[in-house]
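Observations on the model geometry
Single-letter residue listing:
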Amino acid sequence: MDKKLWNRIGLIATVCLVPGGFILGATLAARRYRQQQDEKAAAGAEEPAESNQPADQAET
């Protein structure tokens, strides 16, 4: 087994077995969710803004 798998097993054991582990698990889940939301927002910001005007009514 590789090291990453053992790290995940240890983290899951900590979250499930240690008192306060549920708080740790919730904190890690919230952090991961927040990172995913930030990545989606950054990807959305990179897309060019579309104009709401039709092509034949462009500003001159």
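Please refer to the structure higher up on the page.
What this report covers is the structure whose coordinates are included nearby. Bear in mind that the values here come from a model prediction, so they are computed numbers and not experimental data. (Residues numbered from 1 in each chain as written. Predicted model: local features only at pLDDT ≥ 70, side-chain atom pairs only at ≥ 80, totals over all residues. Heavy atoms only, no water.)

Our focus in this paragraph is the overall build of the chain. Helix and strand content of the chain: two helices and zero strands. Burial statistics for the chain: of 60 residues in total, 5% are counted as buried. (Helix = DSSP H or I, 4+ residues; strand = E, 2+ residues; numbered from the N terminus. Buried < 20%, exposed > 50% of the residue type's maximum accessible area, 1.4 Å probe, protein only.)

In this section: the environment of isoleucine 12. By the element assignment, isoleucine 12 lies in helix α1 (residues 3-17). Taking C-alpha positions, isoleucine 12 is 8.4 Å from glycine 25, a pair spaced 13 residues apart along the chain.

The grouping of Leu5, Trp6 and Ile9 at the surface amounts to a nonpolar patch, some 290 Å² of accessible area in total. Along the polypeptide, tryptophan 6 turns up in helix α1. (Patch = residues over 30% accessible without salt bridge, like charges linked within 9 Å, V, L, I, M, F, W, Y side chains within 5 Å. Areas by Shrake-Rupley, 256 points an atom, 1.4 Å probe, with all protein chains shown as cover. Salt bridge = Lys/Arg side-chain N within 4 Å of Asp/Glu carboxyl O.)

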